[in-house]
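So you can see what is in the structure, the chains are spelled out below.
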Amino acid sequence: MGCLGALLFLLGGLGALAQICEITEVDSTLVERLGQRLLPWMDRLSPEQLNPSIYVGLRLSSLQAGAKEAQYLHSLKLSYQQSLLSVVNWCCPVSASSNDNSDSEARPSMGQLALYLLALRANCEFVEGRKGDRLVSQLKRFLEDEKGAIGHNHQGHPHTSYYQYGLGILALCVHQKRVHDSVVGKLLYAVEHEQHLQQGHFPVDTLAMAGLAFSCLELSNLNPNQRNRSTVALRRVQEKILKAQTPEGHFGNVYSTPLALQLLMASLRPTVELGTACLKAKAALLASLQHKAFRNPLMISQLLPILNQKSYVDLISPDCEAPRVLLEPATETPSQTQVPEFIHVTLKVSSIFPSYRHSVSVPVSSSLEDVLKKAQEHSRFRYGTQPSLSGPYLTSVMGKKAGEREFWQLLRAPDTPLLQGIADYRPRDGETIELRLVGW
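Residues numbered from 1 in each chain as written. Predicted model: local features only at pLDDT ≥ 70, side-chain atom pairs only at ≥ 80, totals over all residues. Heavy atoms only, no water.

- An unreviewed UniProt entry annotates the protein chain as Transcobalamin-2 of Lipotes vexillifer.
- According to the UniProt record, the Subcellular location (unreviewed entry) comment for the protein chain reads "Secreted".
- Here is the UniProt Subunit (unreviewed entry) comment for the protein chain, exactly as written: "Interacts with CD320 (via LDL-receptor class A domains)." (UniProt positions renumbered as here; feature names shortened; annotations may be inferred.)

The structure is reproduced here in structure tokens:
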């Protein structure tokens with residue numbers, strides 16, 4: 001009986017640990033305010049502004065947007081089905097250096113298509129019929145083309161990213177659609193041999209997305225021949241994410257933490273170390289919420305599920321009948337009319353000749369995008385962007401376009417990379433912001 005009692009105690013302890021990586025007891029007011037920031041985005045129904053991630057995040061959260069949700073899903077369906085019909089040769093990802101902008105603008109990226117499939121599953125829909133088959137076939141063609149770009153010797157790179165590659169596998173997995181073992185094998189190899197990557201490692205959010213794909217494959221058993229490798233790779237991903245925790249508690253940084261927690265919460269291998277790390281991450285997230293760090297809709301949509309103890313893996317079998325609190329638009333208290341305060345921000349571009357440096361004056365709380373617009377109005381500064389799910393993405397500065405495997409990095413002088421994009425970052429008075437063309 002003594003041995004039996006010890007065994008039951010051990011099993012009970014393991015059962016408790018299995019639930020330990022949860023972000024519970026979060027102030028409902030904070031969660032509601034977070035959800036309210038998505039409501040204005042749900043009124044933006046033009047094809048270039050539709051963001052399937054918003055719908056996924058709300059459906060996996062404890063919140064709902066009422067009739068707005070149905071309208072938003074309807075707009076997503078119209079847009080994505082029209083994309084399939086309007087582009088006859090919708091076959092493969094376009095590299096960053098492609099000059100064929102008409103085709104790339106007419107169709108969603110691999111990541112956008114994958115998120116759309118997640119949105120359908122979040123509404124408890126499986127892709128089916130001729131339209132569904134076309135969606136699945138297109139996403140599989142995307143993955144096959146990326147597999148070809150990586151190459152049989154793994155010396156190449158995806159046209160897009162391993163993040164989108166993992167997201168594509170995950171989206172097909174939650175719809176119970178199998179991809180070829182060789183497609184999964186490319187992502188497994190990349191995780192197993194990170195040192196072959198140019199930057200030497202995966203960012204935390206890419207690791208997390210790969211781990212979510214492996215978790216789904218493990219639970220669904222869609223690729224049994226890769227099961228053992230997936231299990232080992234998933235353990236490796238978890239270990240690397242835990243090692244990436246900062247002294248403050250974030251995994252990588254504040255904005256990669258939600259997706260990392262989605263993976264850790266979905267873990268089938270809880271440990272004491274995992275539980276401790278999750279508690280630390282919870283404290284860091286709560287502090288970030290108090291300081292209103294999350295404003296970007298993509299980041300909010302990745303955070304809301306974990307505040308409801310959910311992850312993208314739950315889309316294997318979503319609970320579409322779970323009660324959710326109806327969101328009401330935020331009410332703003334009218335402020336007294338005041339003369340707006342202004343700040344001075346210096347823009348610096350050293351990656352061109354001649355170099356550029358100019359100071360502009362903008363109202364307090366202006367975004368970096370506002371600074372760029374003001375500089376363009378009053379100096380020789382020029383820039384170009386393209387829309388993405390996380391906001392406008394800087395593609396050219398002073399006529400210089402980012403080439404293949406290049407991007408325009410945003411830095412706060414002297415050398416601190418910004419964690420937010422041009423629409424989200426709010427410069428402070430006296431800051432110098434450098435736009436630097438770098439390779440990856």
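Moving on from the coordinates now.
Considering the environment of Ala114
Here is step 1: Position of Ala114 relative to the elements: it lies in helix α6 (residues 110-122).
Here is step 2: Apart from the residues lying within four places of it in its own chain, the contact partners of Ala114 are Leu139, Leu167, Gly168 and Ala171. (Helix = DSSP H or I, 4+ residues; strand = E, 2+ residues; numbered from the N terminus. Contact = heavy atoms within 4.5 Å.)

A look at the state of the cysteines
Here is step 1: Counting across every chain of the model gives three disulfides.
Here is step 2: With a sulfur-sulfur separation of 2.0 Å, Cys21 is cross-linked through a disulfide to Cys278. Residues Cys21 and Cys278 are joined by a disulfide whose S-S torsion is about -75°; by sign, that bridge is left-handed. Placement of the pair is Cys21 in the loop between α1 (2-18) and α2 (28-36) and Cys278 in helix α13 (residues 272-290), with a sequence separation of 257 residues. For the pair Cys21 and Cys278, a shared accessibility class is recorded, and that class is buried.
Here is step 3: Bridging Cys124 to Cys320, the disulfide has an S-S length of 2.0 Å. Around the S-S axis, the bridge from Cys124 to Cys320 shows a dihedral of about 110° and counts as right-handed. Residue Cys124 is located in the loop between α6 and α7 (129-150), and its partner Cys320 is located in the loop between α14 (297-306) and β2 (325-326); the two are separated by 196 residues in the primary sequence.
Here is step 4: The class for Cys124 is partly exposed, based on a relative accessible area of 34%.
Here is step 5: Residue class for Cys320 comes out partly exposed when judged on its relative accessible area of 26%. (Disulfide = S-S within 2.5 Å. Buried < 20%, exposed > 50% of the residue type's maximum accessible area, 1.4 Å probe, protein only.)

Quick notes on the nonpolar core
Here is step 1: Ile241, Phe251 and Phe294 are the most contacted members of the largest nonpolar core, which has 103 residues in total.
Here is step 2: With near-sequence residues (within four places) excluded, Phe251 lies in contact with Val204, Ile241, Leu242, Ala244, Gln245, Ser256, Thr257, Ala260, Leu261, Leu264, Ala277 and Ala281.
Here is step 3: Counting 25 residues, the second-largest nonpolar core is a separate cluster that includes Ile343, Val345, Leu368 and Phe381. (Core = buried A, V, L, I, M, F, W, Y, C linked by side-chain atoms within 4.5 Å.)

Brief notes about the environment of Gly57
Here is step 1: Mapped onto the elements, Gly57 comes out in helix α3 (residues 52-59).
Here is step 2: What makes Gly57 buried here is its relative accessible area of 0%.
Here is step 3: Residues Gly57 and Leu304, spaced 247 residues apart in sequence, show a C-alpha to C-alpha distance of 5.9 Å.

Remarks on the pairing of strand β5 (residues 383-386)
Here is step 1: Of the pairings in the sheet, the one linking β5 to strand β6 (residues 393-397) comprises four bridges and is antiparallel in character. If you follow Gly384 over to β6, its bridge partner there is Ser396.
Here is step 2: Once β5 ends, the chain turns through six residues before running back antiparallel as β6, passing Gly391 with a positive phi of about 115°. (Pairing = 2+ DSSP bridges.)

Describing the confidence of the model for the protein chain
Here is step 1: Per-residue confidence for the protein chain gives a mean pLDDT of 87, with 87% of residues at or over 70.
Here is step 2: Low pLDDT, under 50, characterises residues 94-105; the stretch is placed with ten contacts to residues that sit more than four places away or in other chains. (pLDDT = per-residue confidence, 0-100.)

Some remarks on the packing of aromatic side chains
Here is step 1: For the structure on display, the rule yields six aromatic pairs.
Here is step 2: Judged by centre distance (5.4 Å) and plane angle (40°), the ring pair of Tyr356 and Phe381 falls under tilted. In this pair, Tyr356 sits in strand β4 (residues 356-363) while Phe381 sits in the loop between α15 (368-378) and β5, placing the two residues 25 residues apart along the sequence. Side by side, Tyr356 and Phe381 carry an identical accessibility label, which is buried.
Here is step 3: Its end group placed over the ring of Phe126, Arg121 keeps NZ or CZ at 3.7 Å from the ring centre. (Phe/Tyr/Trp six-rings, centres within 6.5 Å; stacked < 30°, edge-to-face > 60°. Lys NZ or Arg CZ within 6 Å of the ring centre and 35° of its normal.)

A look at the packing of α3 against α14
Here is step 1: Between α3 and α14, whose axes approach to 7 Å, the crossing angle comes to 20°. As judged from the angle between their axes, α3 and α14 are roughly parallel. The interaxial crossing formed by α3 with α14 has left-handed handedness. Listed contacts from α14 to Ser53, Ile54, Gly57 and Leu58 of α3 are Pro297, Leu298, Ser301, Leu304 and Pro305.
Here is step 2: Looking at the contact of α3 with α14, its residues break down into six nonpolar, three polar and no charged. (Axes fitted to C-alpha atoms, helices over the stretch in contact; angles between N-to-C directions. Parallel < 35°, antiparallel > 145°, perpendicular 65-115°, else oblique. Left-handed = near helix turned anticlockwise from the far one by under 90°. Nonpolar A, V, L, I, M, F, W, Y, C, P; charged D, E, K, R; others polar.)

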